[in-house]
Amino acid sequence: MYLWLLYAVALVTTSKAYPLLYDDWTAQDLKDYILQRANDQSSPVLDSNFNIGGDELGQVSAVDVDSDGHVYVFHRADRPWTLSTYKANSDILTDEAKTPIGKDTILKVDPKSGQKIESFGKDIFNVPHGLTIDHKDNIWVTDVGRHQVLRIPKGATKPDLELGEKFVSGDDDKHFCKPTDVAVASNGDFFVADGYCNNRVLKFSSTGKLSQWGVKEGNNGMTPYTLNIPHSLTLIEELDLICVADRENSRALCYNAGLHSAQTPSQAQFNRTLIPQSEIGRVFAIAYNKAAQEVVAAGVVSEAPIIENDSILYPPRAFTYDLEGHLVTSWAFITQDMAELGPSLIHDLCVSKNGQDFYLADLDQQRVYKYTSNWEADLGGV
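Residues numbered from 1 in each chain as written. Predicted model: local features only at pLDDT ≥ 70, side-chain atom pairs only at ≥ 80, totals over all residues. Heavy atoms only, no water.

Where an unreviewed UniProt entry is consulted, the chain appears under the name peptidylamidoglycolate lyase, with the organism given as Biomphalaria pfeifferi.

On to the side chain of Arg317. Relative to the elements of secondary structure, Arg317 occurs in the loop between strand S21 (311-313) and strand S22 (318-322). Looking at Arg317, its side chain comes within polar contact range of the main-chain oxygen of Ala332, at 2.8 Å. Engagement of the side chain of Arg317 in a polar contact is seen with the side chain of Ser344, the distance being 2.8 Å. (Helix = DSSP H or I, 4+ residues; strand = E, 2+ residues; numbered from the N terminus. Polar contact = N/O pair within 3.5 Å; in protein donor to acceptor, adjacent residues only side chain to side chain.)

Along the polypeptide, Ala245 turns up in strand S15 (residues 241-246). Residue classification places Ala245 among the buried residues on the basis of a relative accessible area of 0%. For Ala245 and Ser232, which are 13 residues apart along the polypeptide, the C-alpha to C-alpha distance reads 5.1 Å. (Buried < 20%, exposed > 50% of the residue type's maximum accessible area, 1.4 Å probe, protein only.)

Another point: empty space enclosed by the protein. Inspection of every chain in the model, using the stated rule, returns three cavities of 30 Å³ or more. Counted as a void, the second largest cavity has a volume near 60 Å³. For the second largest cavity, the full set of lining residues is Ser61, Ala62, His129, Gly130, Leu131, Thr180, Asp181, His231, Ser232, Phe284, His347 and Asp348. Within the residue set of the lining of the second largest cavity, elements represented by two or more residues are strand S2 (60-65), strand S6 (128-133), strand S14 (230-236) and strand S24 (346-351). Take the lining of the second largest cavity: its biggest share by element is three residues, from S6. (1 Å grid on protein atoms, 1.4 Å probe; cavity = no way out; pocket = protein on both sides within 12 Å on 5 of 7 lines; lining within 4 Å. Points joined across faces, edges and corners; volume = space filled by probe spheres on them.)

This part takes up the sheet that holds strand S23 (residues 327-331). Overall, antiparallel pairing links the four strands, which are arranged S18-S19-S22-S23 in an open sheet. A strand with exactly one partner marks an edge of an open sheet, and here the two such strands are strand S18 (282-289) and S23. In this sheet, adjacent strand axes meet at a mean angle of 25 degrees when their direction is disregarded. Examined bridge by bridge, strand S19 (residues 294-300) and S22 share five bridges and lie antiparallel to one another. If you follow Val296 over to S22, its bridge partner there is Thr320. (Pairing = 2+ DSSP bridges. Axes fitted to C-alpha atoms, helices over the stretch in contact; angles between N-to-C directions.)

Below, the discussion takes up the nonpolar core. Within the largest apolar cluster, 19 residues are counted, with the highest numbers of intra-cluster contacts made by Ile236, Cys243, Leu274, Ile275, Ile280, Ile286 and Val295. Elements with a minimum of two residues in this core: S15, strand S16 (251-256), strand S17 (270-275), S18, S19 and S22. Ranked by size, the runner-up nonpolar core spans 17 residues in total, among them Val296, Ala298, Phe358 and Tyr369. (Core = buried A, V, L, I, M, F, W, Y, C linked by side-chain atoms within 4.5 Å.)

Rolled over the atoms, a probe with the dimensions of a water molecule shows which regions are left empty. Of the volumes computed, that of the largest pocket is approximately 810 Å³. What lines the largest pocket is a set of 34 residues, and nearest its centre among them are Ile133, Thr234, Leu235, Tyr288 and Lys353. Class assignment of the residues belonging to the lining of the largest pocket gives a composition of 16 nonpolar, eight polar and 10 charged. (Nonpolar A, V, L, I, M, F, W, Y, C, P; charged D, E, K, R; others polar.)

Set out below in structure tokens:
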């Protein structure tokens, strides 16, 4: 019997409306929510055949797939991001952290087994964060220690483009401060989430910056342009949208991407709320599933199982939304076996091109989990 069956919970019907803010939930609210959103065969299920063996990974910060379906994993090897990574009260790396990681930080693996195909990235990165593969199979990465965005061409192992000044943070057109993610459009325009310090999103073309938006705190309180650690980006090109996981505001927002406009405004126009504030806790990552026309998200309802009255509740770690901002299903429930590995934090996730396989980068457990909607074919049924 497969592991997911052991921890599936029966659906419960109730008319109760949950409070908007997760912080206001009672223990019973959380229990009812988990029961209502329990796993079923329409949700992705864990593929235990996928396994990256040995001690290959450090903190796993990002994951994506190329046009051939191969999975790329960005991780921090033997250099975790800790309180001693930066000098006190600054964005400047310590002298030790300025030495690049001496092990490969990018791993290419088989999408079915997780077996390593190749690895690279040694002596380049300091604090790996985001990884995106564009339509030409170029790899775009962000390094929050270098304060840079880098591009590695298809088939290469070293960057051919570096944006931002190495080790120098800033908030102008030529500097970043701990950038978190990149999204690349088919026309070559790309977006950068300049996340941890500047709380902004920037749009670039081959000629330079086109626009930017986002502030951490506004005079009018919370607005669609108030961002607090924009942590992840995804493009929905059919709708001309760029969507942002606004992590510390516990929501995801979409803006007009302006990919087909002759003129680009200085600030993208807000279009819609994709994930309402605090519905799933902090939103760490979002990815567009083009095949299903849905968005998957990594959120934090809880980072570990919850013990209540001698019962153990297994909260979900991933969520599927339709493009109108409605929650479709919750999945990737924490299991007892996973809990024994320590706290779980899904830092990033991606979707296969056929829209049926999902790869979740667990930062704390230093592994990648695969879930699949094609469970009969991939897992052989039950």
